[in-house]
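Listed below, chain by chain, are the residues.
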Amino acid sequence: MSRTRVAILGGGLSGLVTAWNLTAPEQQERFEVTVYQLGWRLGGKCATGRKEDESDRIQEHGLHVFMGAYQNAFHLVQQLYAVAPDPPFASWREAFTPVPSLTLIELVDGKPVPWIIDAPIMPGTPGIDIAPSIWGRIAQMLRWIQDGFLGLDGEPPVHPPRPGWLAAMARFLRRMLGAAQDAVASAGVWLLREALELAEAIDRIDGQDPREHETLRSLLGSLRNWIARHSAERLAGDTEFRRFFILADLMLTSIVGGLADGLILNPEDNLQRVNKLDYKQWLRQHGAAEITVDSAIVRGLYDLIFAYPQGQWRGDGEVEAGTMFVSLMGTACYQGAIIWKFNTATGDMIMAPLYEVLKARGVTFEFFHRVDRLVPSADGRRIESVEIGRPVTPREGGYHPLRTLPSGQRVWPDRPLFGQLVEGAALEASGADLESHWTDWPDARAPLVLQAGRDFDRLVLAIPPAAHPVICRDLIAQKRAWRKMSATLRTTATQNLQTWTTPTATQMGWTAPGMVGGYDISNLDSWADISEVLATETWPAGSAVASEQIWCGPLPCPDELPPASEHAYPARQLAMAEAAATAFLADHARFFFPGGFDANGPKPGVLVSRYDRANIDPSERYTLTVRDSTRHRLTAGGSTYDNLVLTGDWIENGQNLGSFEATTIAGMLASHALSGYPTDIRGVGAGALAKAMSGALPPEGRYVELPGDATFPGPIALDDTTMWAFVLDADIVALTRWCQASFDAPSGGEIRVLPMAGAVMMTVVDIGHGSFTEAPEMGWSRERELTFWIPAVQVEERGGRTVATRFDMVLPYLVLDNPVAIASGREIFGYRKQAGRVALPGDAGSGGALTVDLFATEPFGDATEERYRRLLTLSPTGATRAYAGESNFGAGARVLWDYLAARRGWNPSLALELQLLDTLVERRVPQLFLKQFRDVADARMACYQAITEITAEVTRFDALPGLVEFDMALANLASSPVARDLGIAPRQRLLGARLLFDMAITPGRVLWEL
Ligand SMILES: Cc1cc2nc3c(=O)[nH]c(=O)nc-3n(C[C@H](O)[C@H](O)[C@H](O)COP(=O)(O)OP(=O)(O)OC[C@H]3O[C@@H](n4cnc5c(N)ncnc54)[C@H](O)[C@@H]3O)c2cc1C
């Protein structure tokens, strides 16, 4: 059987993991693999070199570690060490140093102060044992908060959770609304205990019930707010407490946000929406305290992933909120230590043994092969050829890239092994850097052109995006998906500094854990003591080197690379990095190491050696995950060219942050796309695997945006709104009938809805400024509308009782005058919007009345013209009443609470009560719709039918003083018999309140779909 020839372009980790899987014994030698690699070594962003004339010191691209949640990366190293002929350590465990504690740097009076974070050693071994469930870890976090904040471990609850719950809730509610303080302490205790119990229960049953998630979200949100309210006074003076608060607030807000946005239950469906936000924005949106958002820990998270576009480390940074959340939840499920340092150079630890195993399996490595261009066929179906530049000529016998240290360890040199190259002497003399995009070294050999069918059957592109504008220029010109990806994926240059000193860190005065981040007054914002690697370097006894530190961070850089002809660019960037490092050693190092550094830099005799590096080359630049970029990543199998598979930390790999884990998964996905193997990728479910094999941007299912669309994607902001609000008695039987017809009947009883009471709200609103926040270019508009609201509950039968699980507003009639709002409301959310005209008391000619005309038929009959007809008249009687109540949202919403007391035929569940609390405190009003479209072939049928829910979030609220009396006349128009449908007396005297508010309507969810 002929073997499939696979050409892998790029020998970074992703390319090598692809080769590792394609040549696994399971593949039965089906593939003939060649790796084409620029320069003399493998590893790309994590390539390393040993400087032979300087005691074989290790020269890294930057600090490299594994997190204890890297299931696939650990598994790779474990498998590799089991088969490698000559690994640098006898076992994989010896290759790592677990790090259970880290240090963050806070600035106090302009001076850096260490903040030590202990992350306990967790059970299990990453790569070997199954990762724990996130619920167990959430419960653990809650226990930690319980111990730290409330100090209640082991004590009985102040309130028995039930049946006194409702009363406790009422007290809690009062407090939230600014009344009695007596329930304060017990509320927090209770919330914490309930949340803990629920998280543990969900963990036990691995619960996927959205109602439980919603309940937990509500509990934790209230708990977080409760903690915030009761912490304010202690935050300023008590450092320990402030740090505790920040951690607790970050944990709780993250979980609340993750639950609210469906990122735990259903990340696939929700990530894209959340990813439009930056992580800090998202934290704020979910109520995190500003002190948390600005904290060293959040800063440290951004530092960890160099999340500063253009290396602008002084700025706020940017990373997709959803991707970051998913990554943090994954990290929370670490096993063993949270961080694992390497005991030798990154390249020597991973790339060298990989290279040797792959060689032994028959993989061909073509070093000094620079991919210059991928040429697609004119019809865009496949890649025809690959043009490769060859700067030097290996001597007979080929190029063998590794060197052997006296210890026997096989290592990568920091420069080509010149003796193996025909042009070696000249190359060495020139000092040219063959890894550099800007090298002026002329190619010694004619270009190599690989032809599809002749030289390869399948191609794997393992070269990252900053290089694409050059090497994939034809693909970008040919395909929109490539243009989109190229335009949205951003990368940043980074900087690395290593120092070798005679004193140890402790001797220089540093006593905190030597894994440090969050230092926000330098671009070298993260550093680590990596002295364990000294044992693999060859410092002579007399050199007295006792310590090795690595410092790294983003390096300011343009998004667009200068042309290859700008040969001086690397020297300029290196000089900039060196200057920054020198300044760092003089201005900052002394804060950490006062015994070794002062304002002049290192004290005499301290610094033995120093290595500076500017990672500026296209493929060295760190892959960022800026807002709303992941959805433009192509998948392993979704290159849109039949014979091209993609891999790297830049493809859609489920992790989507630049890391070894993302890269390892990407390599496995590429192999799967080529061969169907492997199928078992930890953290990648069957759905995600299938998705990785298809195009990332399937045209089907995408809304085709065309000029003149009268609908735009949400959220919708409704600002400067004035509302006249009335409460009307209604017939509960009529309301029940309405709810059943709208929800119970179409869903076959899956969604059951009951009115809360025999009453409806009628509102007339005047929206001063409505806009689509994601289509700001469309401007803004005014809108007036009349709405009828049925406060309702979703119910289910539990043990013979009808239990209400969720509160919703049902909107049976909505009349408005804005065509875009009508189209968008109906098409996106499911609002039953009808066209009408609304006149308000202040309008000329209104006579102080409030009137609504509806485009309607009255009476039914073929001779009746459908036109605007008067639906509602509200004539002021001239009387007003004083209003003694509070003018806040909670006070207004308390009416709902009273409905609860008047409930009929159903019992509240815990979830409902928490949700009501959420409505009162967080001012979120959920709305429930039957969204449906008529079928084209038989318009009596629905081609789409769903029950949808959205949340309107009231962002500003004020009630104007005084109630105004009106006489109401509500017509029963034949096509919209409002009074009859809702059981409202058509003529009655009403009192109306006037309210001012701003509101946002955010994307919703489908509860049931046909
Ligand atoms: C400074 C720094 C520190 C990091 N620290 C960590 C960490 O602590 N933990 C962690 O998990 N992750 C870390 N990362 C991320 C991690 O290193 C990357 O995610 C990973 O190495 C990416 O591998 P890759 O195969 O996708 O790409 P690359 O490593 O970029 O591989 C691309 C390969 O293609 C080759 N190539 C490029 N252009 C051409 C061409 N024209 N022709 C032929 N070959 C070409 C390159 O030389 C390279 O070998 C860090 C990254 C950086 C930059």
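Just so you know, these numbers come straight off a predicted model, no measurement behind them.

Structural notes on the overall build of the protein chain
Inference 1: A count of helical and extended segments in the protein chain gives 27 helices and 39 strands.
Inference 2: Relative to a compact globule of 1010 residues, whose C-alpha radius of gyration would be 30 Å, the protein chain shows 33 Å and is just as compact.
Inference 3: Here the C-alpha coordinates of the protein chain stretch approximately 100 × 65 × 55 Å along the principal axes.
Inference 4: Taken over 1010 residues, the protein chain has a buried fraction of 57%.
Inference 5: In the protein chain, once contacts between residues fewer than 6 apart in sequence are set aside, the share between residues at least 24 apart is 74%.
Inference 6: Accessible surface, the protein chain: about 39,900 Å² in total, of which carbon and sulfur atoms supply 53%.
Inference 7: In the protein chain, 93 positive and 119 negative side-chain charges are present, and the distance between their average locations comes to 3 Å.

Describing the sheet that holds strand S5 (residues 65-67)
Inference 1: Read across the sheet, three strands follow the order S5-S9-S6 without closing on themselves; strand pairing throughout is antiparallel. Whereas interior strands pair on both sides, the edge strands pair on one side only; in this sheet they are S5 and strand S6 (96-99). Ignoring which end each strand starts from, the neighbouring axes of this sheet average 25 degrees apart.
Inference 2: Pairing analysis gives four bridges linking S6 to strand S9 (residues 339-342), with the strands arranged antiparallel. Residue pairing across strands places proline 98 opposite tryptophan 340, the latter belonging to S9.
Inference 3: Sitting on the sheet, helix H2 (residues 71-83) is in contact with S5, S6 and S9, with an inclination near 120 degrees to S5.

Remarks on the packing of aromatic side chains
Two measures describe an aromatic ring pair: the distance that separates the ring centres and the angle between the ring planes.
Inference 1: The final tally for this structure, using the stated rule, is 43 aromatic pairs.
Inference 2: For the pair tryptophan 438 and tyrosine 569, a centre-to-centre distance of 4.8 Å together with 50 degrees between the ring planes defines the contact as tilted. Here tryptophan 438 is found in the loop between helix H15 (424-430) and strand S15 (445-451), whereas its partner tyrosine 569 is found in helix H19 (residues 569-587), with 131 residues between them in sequence. Grouping residues by exposure puts tryptophan 438 and tyrosine 569 together as buried.
Inference 3: Ring centres 5.9 Å apart and planes at 75 degrees place the aromatic pair phenylalanine 829 and tyrosine 831 in the edge-to-face group. Like tyrosine 831, phenylalanine 829 is buried.
Inference 4: Three or more aromatic residues link up through ring pairs in this structure, and these residues are Phe66, Tyr70, Phe74, Trp92, Phe96, Trp340, Phe342 and Phe660.
Inference 5: If you follow arginine 590 out to its NZ or CZ, it ends over the ring of phenylalanine 591, 5.4 Å from the centre.
Inference 6: Sitting above the plane of the tyrosine 813 ring, arginine 832 keeps its charged end 5.6 Å from the centroid.

Some points on the packing of helix H1 (residues 13-22) against helix H21 (residues 660-675)
Inference 1: Following both chains from N to C, one finds H1 and H21 inclined at 45 degrees, their axes separated by 8 Å at the closest point. When the axes of H1 and H21 are compared, the pair comes out oblique. Relative to H21, the crossing made by H1 is right-handed. When H1 is examined against H21, the residues Leu13, Ser14, Val17, Thr18, Asn21 and Leu22 are found in contact with a partner set consisting of Phe660, Thr663, Thr664, Gly667, Met668, Ala670, Ser671, Leu674 and Ser675.
Inference 2: In the contact of H1 with H21, the residues fall into seven nonpolar, eight polar and no charged.

Some details on the site of the ligand
Inference 1: Neighbouring residues of the ligand: 35 residues in total, closest Ser14, Tyr70, Val371, Asp649 and Phe660.
Inference 2: Glycine 44 places a polar main-chain atom, nitrogen or oxygen, 3.4 Å from an oxygen atom of the ligand.
Inference 3: Taking 1,000 Å² as the accessible area of the ligand by itself, protein coverage stands at 95%.
Inference 4: For the shell around the ligand, the secondary structure elements donating two or more residues are H1, strand S11 (370-376) and H21.
Inference 5: In terms of residue class, the shell around the ligand is built from 14 nonpolar, 17 polar and four charged.

Notes on the side chain of lysine 341
Inference 1: Inspection of the secondary structure assignment puts lysine 341 in strand S9.
Inference 2: At a separation of 2.5 Å, a polar atom in the side chain of lysine 341 contacts the main-chain carbonyl oxygen of aspartate 529.

Comments concerning the pattern of salt bridges
Inference 1: Tallied over the full model, the rule gives 46 salt bridges.
Inference 2: A salt bridge links glutamate 949 to arginine 1005; the shortest N-O distance between them is 2.9 Å. Of the two residues, glutamate 949 sits in strand S37 (residues 942-970) while arginine 1005 sits in strand S39 (residues 1005-1009), which places them 56 residues apart along the sequence.
Inference 3: Residue classification places glutamate 949 among the buried positions, given a relative accessible area of 3%.
Inference 4: Connected through shared salt-bridge partners, Glu214, Arg217, Arg806, Glu949 and Arg1005 make up one network.

Overview of helix H14 (residues 346-360)
Inference 1: If you check H14, its first and last C-alpha atoms are 21 Å apart, about what 15 residues at 1.5 Å a residue would give, namely 21 Å.
Inference 2: Taken across its 15 residues, H14 has 13 buried, putting it largely inside the fold.
Inference 3: Just downstream of H14, glycine 362 is the residue with a positive phi angle, here 100 degrees.

Considering the sheet that holds S15
Inference 1: Strand order in the open sheet formed by three strands is S11-S12-S15, with antiparallel pairing between adjacent strands. For this open sheet the edge positions go to S11 and S15, each flanked by a neighbour on one side alone. Recorded for the sheet is a direction-independent mean angle of 20 degrees between the axes of neighbouring strands.
Inference 2: Here strand S12 (residues 383-390) pairs with S15 via five bridges, running antiparallel. Pairing of valine 386 across the sheet is with leucine 450, part of S15.

Description of the nonpolar core
Inference 1: The biggest cluster of nonpolar side chains holds 112 residues, and the ones touching the most others in it are Phe66, Phe96, Val386, Leu461, Trp482 and Leu644.
Inference 2: Filtering out sequence-adjacent residues up to four positions away, valine 386 remains in contact with Leu9, Val371, Arg373, Leu374, Leu448, Val449, Leu450, Phe456 and Leu459.
Inference 3: Counting 68 residues, the second largest nonpolar core, distinct from the first, contains Leu104, Trp135, Leu220 and Val298.

Examining the packing of H2 against H21
Inference 1: Axis separation between H2 and H21 bottoms out at 7 Å; the angle between their running directions is 75 degrees. When the axis of H2 is compared with that of H21, the two are roughly perpendicular. Side by side, H2 and H21 meet where Gln71, Asn72, Ala73 and Leu76 of the first sit next to Phe660, Glu661, Thr664, Ile665 and Met668 of the second.
Inference 2: Its residues placed into classes, the contact of H2 with H21 shows five nonpolar, three polar and one charged.

Some details on the pairing of strand S2 (residues 31-36)
Inference 1: The element S2 is extensively covered by neighbouring structure, given that five of its six residues are classed as buried.
Inference 2: Pairing analysis gives six bridges linking strand S1 (residues 4-9) to S2, with the strands arranged parallel. Of the residues in S2, the one forming a bridge with arginine 5 is glutamate 32.
Inference 3: Following the backbone out of S1, through H1 and into the adjacent parallel S2, one traces a crossover that is right-handed.
Inference 4: As paired strands, S2 and strand S10 (residues 364-366) are joined by three bridges and run parallel to one another. The residue of S10 that forms the bridge with valine 35 is phenylalanine 365.

Quick word on the environment of leucine 427
Inference 1: Relative to the helices and strands, leucine 427 is located in helix H15.
Inference 2: Separated by 36 residues in the primary sequence, leucine 427 and proline 391 have C-alpha atoms spaced 9.8 Å apart.
Inference 3: Not counting the four nearest positions on each side in its chain, leucine 427 is found in contact with Val392, Pro416, Phe418, Leu421, Ala432, Leu434 and Trp441.

Some thoughts on the confidence of the model for the protein chain
Inference 1: On average, residues of the protein chain score 89 in pLDDT, and 92% of them reach the 70 mark or higher.
Inference 2: Contacts of residues 152-184 to residues separated by more than four positions or lying in other chains number 58 contacts, the stretch itself having pLDDT below 50.
Inference 3: The low-confidence segment residues 696-700, where pLDDT is below 50, has six contacts with residues more than four positions distant or belonging to other chains.

Focus: the environment of aspartate 203
Inference 1: Here aspartate 203 is to be found in helix H5 (residues 184-205).
Inference 2: Residues aspartate 203 and proline 132, 71 residues apart in the sequence, show an inter-C-alpha distance of 9.8 Å.

Topic: helix H8 (residues 239-260)
Inference 1: The end-to-end C-alpha distance of H8 is 31 Å, a good match for the 32 Å that 22 residues give at a rise of 1.5 Å each.
Inference 2: Here H8 lies mainly inside the structure; 18 of its 22 residues are buried.
Inference 3: Here H8 starts with a cap whose side-chain oxygen sits 3.3 Å from the backbone nitrogen of glutamate 240, and that cap is aspartate 238.
Inference 4: Note on H8: the residue one or two positions beyond its end, glycine 262, has a positive phi of about 70 degrees.

Quick notes on the side chain of glutamine 495
Inference 1: Mapping glutamine 495 onto the fold places it in strand S18 (residues 494-501).
Inference 2: Judged by its relative accessible area of 1%, glutamine 495 is buried.
Inference 3: Of note is the side chain of glutamine 495, whose polar atom sits 2.6 Å from the backbone oxygen of alanine 577.

So, how was this worked out
Residues numbered from 1 in each chain as written. Predicted model: local features only at pLDDT ≥ 70, side-chain atom pairs only at ≥ 80, totals over all residues. Heavy atoms only, no water. Helix = DSSP H or I, 4+ residues; strand = E, 2+ residues; numbered from the N terminus. Rg over C-alpha atoms; globule rule 2.2 N^0.38 Å. Buried < 20%, exposed > 50% of the residue type's maximum accessible area, 1.4 Å probe, protein only. Contact = heavy atoms within 4.5 Å. Areas by Shrake-Rupley, 256 points an atom, 1.4 Å probe, with all protein chains shown as cover. Lys, Arg positive; Asp, Glu negative; His and termini not counted. Charge placed at Lys NZ, Arg CZ, Asp CG, Glu CD. Pairing = 2+ DSSP bridges. Axes fitted to C-alpha atoms, helices over the stretch in contact; angles between N-to-C directions. Phe/Tyr/Trp six-rings, centres within 6.5 Å; stacked < 30°, edge-to-face > 60°. Lys NZ or Arg CZ within 6 Å of the ring centre and 35° of its normal. Parallel < 35°, antiparallel > 145°, perpendicular 65-115°, else oblique. Left-handed = near helix turned anticlockwise from the far one by under 90°. Nonpolar A, V, L, I, M, F, W, Y, C, P; charged D, E, K, R; others polar. Near = heavy atom within 4 Å. Polar contact = N/O pair within 3.5 Å; in protein donor to acceptor, adjacent residues only side chain to side chain. Salt bridge = Lys/Arg side-chain N within 4 Å of Asp/Glu carboxyl O. Expected span 1.5 Å × (residues − 1). Core = buried A, V, L, I, M, F, W, Y, C linked by side-chain atoms within 4.5 Å. Right-handed = clockwise from strand over helix to strand, strands pointing away. pLDDT = per-residue confidence, 0-100.

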